[in-house]
Amino acid sequence: MRNQDSGNATGSQVQSVDRAITVLELLARNGESGITEIAGELGVHKSTASRLLSVLESHGLVEQLGERGKYVIGFGVVRLAGAATGRMDLAKLGRQTCQALAEELGETVNIAIADDGVAINLSQARGSAAITTQNWTGQRTPLHATSSGKVLLAAMDDADRKRALGPDLEQYTPRTTVDAGELEAELERVAEDGYAASFEELELGMHAVAVPVRGPGGEVVAAMSASGPSYRLSKQRIRQIVQPMTEAARELSSQLGYFAR
């Protein structure tokens with residue numbers, strides 16, 4: 001009986017989400033609608049529609065025009081749309097920056113963001129010396145075993161970092177850092193140095209280095225990385241290319257609205 005009750009609750013929650021989306025689509029289409037019209041569209045009683053609208057209103061997703069007036073899309077939707085637009089701008093501008101940097105370095109360049117405990121690659125460009133044909137765009141990679149992931153982790157507060165990493169760190173190669181204390185110490189160095197490196201931690205024979213990309217408020221919104229075979233992208237060469245990578249990331253950050261003082 002407990003499992004049946006749980007299933008019923010889940011079904012009810014899904015139905016509520018579906019109704020909420022229908023309301024937002026209705027208001028987007030009509031501009032404004034009264035509660036009677038909304039209830040009719042949903043096929044529910046006015047009291048049910050009223051409760052749903054109250055929840056949406058509490059999150060700023062809908063607004064009421066005057067007392068007991070019609071409802072319209074709220075500014076909370078604008079906030080969500082702005083976040084999506086910012087991500088699309090980053091992907092579009094990032095492609096241009098990736099290509100220019102890949103041509104300069106001769107290596108594969110990626111831009112990644114943190115999302116639900118992983119790094120997601122938004123853009124990629126391959127330089128003239130790149131030997132890999134794998135397209136990482138749209139791929140999810142672990143935060144703790146990649147240079148981009150370490151840059152993104154270093155920018156998080158303790159609570160977000162703990163939530164992103166989870167209780168255990170997966171070991172991808174013998175060189176992957178799986179000790180929480182060691183990783184924490186490395187992330188402190190990343191925050192101080194302004195870049196992160198990965199030496200065969202995700203794939204044997206592959207090295208990478210990443211720098212932060214910042215948004216309008218100075219927050220780290222993405223990481224830009226260059227990767228290549230260990231015999232070519234040595235620790236010495238990584239130190240040499242940090243500067244041009246940092247300059248490219250600074251240029252992309254300025255296009256996103258961040259200007260360093």
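Here, the structure is the one placed above.
Now for a quick tour of the structure. All residue numbers refer to positions counted from 1 along the written sequence of the respective chain. Only residues with pLDDT of at least 70 are given local features in this predicted model, and only at 80 or more are side-chain atom pairs given and counted; all residues enter the totals for whole chains, interfaces and linings. Think of the side-chain values as coming from all heavy atoms in the structure, minus any hydrogens and water.

## Here we look at the overall build of the protein chain
Helix and strand assignments come from DSSP, with helices taken as H or I runs of at least 4 residues and strands as E runs of at least 2, each series counted from the N terminus. A tally of regular secondary structure across the protein chain gives eight helices and eight strands. The burial tally for the protein chain puts 41% of its 261 residues in the buried class. Note on contacts: a residue pair qualifies if any of its non-hydrogen atoms lie within 4.5 Å across the two residues. Relative to all contacts within the protein chain whose residues are 6 or more apart in sequence, the contacts with residues 24 or more apart total 52%. Roughly 14600 Å² of accessible area belongs to the protein chain as shown, and the carbon and sulfur atoms make up 49% of that amount. Buried residues are those whose accessible area, probed at 1.4 Å on protein chains only, stays under 20% of the maximum for their type, while exposed residues exceed 50% and partly exposed ones sit between those limits. Every accessible area reported is derived by Shrake-Rupley at a probe size of 1.4 Å, with residue values counting cover from the shown protein chains alone.

## Brief notes about unusual backbone geometry
Non-glycine residue Asp116 carries a positive phi angle of around 55 degrees. Tracing the backbone through its elements, the reader meets Asp116 in the loop between β3 (108–115) and β4 (118–125). Given a relative accessible area of 70%, Asp116 falls into the exposed group.

## A closer look at the sheet that holds β4
One bridge is not enough; two strands pair if DSSP finds at least two bridges between them. Read across the sheet, six strands follow the order β5-β4-β3-β8-β7-β6 without closing on themselves; strand pairing throughout is antiparallel. In this open sheet, the two edge strands, each paired with only one partner strand, are β5 (140–142) and β6 (196–199). Averaged over all neighbouring strand pairs, the angle between strand axes comes to 35 degrees, with direction disregarded. Bridge count between β3 and β4: seven bridges; the pairing is antiparallel. Each residue of the ladder has a partner; that of Ala114, found in β4, is Ala119. Throughout, an axis means a line fitted to C-alpha atoms (over the contacting stretch in the case of helices), and angles, computed between N-to-C directions, take values from 0 to 180 degrees. Packing against the sheet, helix α5 (residues 147–154) makes contact with β3, β4, β6, β7 (206–214) and β8 (220–229), and its axis sits at approximately 155 degrees to β8. This element, helix α8 (residues 235–255), spans β3, β6, β7 and β8 of the sheet and lies at about 25 degrees to β7.

## Structural notes on the packing of helix α2 (residues 35–42) against helix α3 (residues 46–58)
Close contact between α2 and α3 brings their axes to 9 Å; oriented N to C, the two are set at 105 degrees. It follows that α2 is roughly perpendicular to α3 by the angle criterion. Listed contacts from α3 to Ile35, Thr36, Ile38, Ala39 and Leu42 of α2 are Lys46, Ala49, Ser50, Leu52 and Leu53. Roughly parallel covers angles under 35 degrees, roughly antiparallel covers those over 145, roughly perpendicular covers 65 to 115, and oblique covers all other angles.

## Some points on the pattern of salt bridges
Pairs can form between side chains of opposite charge once their charged atoms are near each other. A pair is scored as a salt bridge if a Lys or Arg side-chain nitrogen falls within 4 Å of a carboxyl oxygen belonging to Asp or Glu. One pass over the full model with this rule turns up eight salt bridges. One salt bridge in this structure joins Glu107 and Arg232, with 2.8 Å as the shortest N-O distance. In this pair, Glu107 is assigned in the loop between α4 (75–105) and β3 and Arg232 in the loop between β8 and α8, connecting sequence segments 125 residues apart. Accessibility expressed as a relative area gives 0% for Glu107, which makes it buried. Via salt bridges that share partners, Glu107, Arg232 and Arg237 belong to a single interconnected network.

## Considerations on the environment of Leu122
Tracing the sequence through the fold places Leu122 in strand β4. Residue classification places Leu122 among the buried residues on the basis of a relative accessible area of 17%. Between the C-alpha atom of Leu122 and that of Leu90, which follows or precedes it by 32 residues, the distance is 8.1 Å.

## Some thoughts on the nonpolar core
Here the nonpolar core consists of buried residues drawn from Ala, Val, Leu, Ile, Met, Phe, Trp, Tyr and Cys, with membership extended through side-chain atoms lying within 4.5 Å. In terms of nonpolar packing, the biggest core is built from 29 residues, with Leu90, Val213, Met224, Met245 and Leu252 touching the most fellow members. Of all the secondary-structure elements, those providing two or more residues to this core are α4, β3, β4, β7, β8 and α8. In contact with Leu252, other than residues within four places in its own chain, are Leu90, Leu93, Gly94, Thr97, Ile111, Val213 and Met224. One finds Ala112, Val151, Leu152 and Ala154 within the second-largest nonpolar core, a separate group that totals 16 residues.

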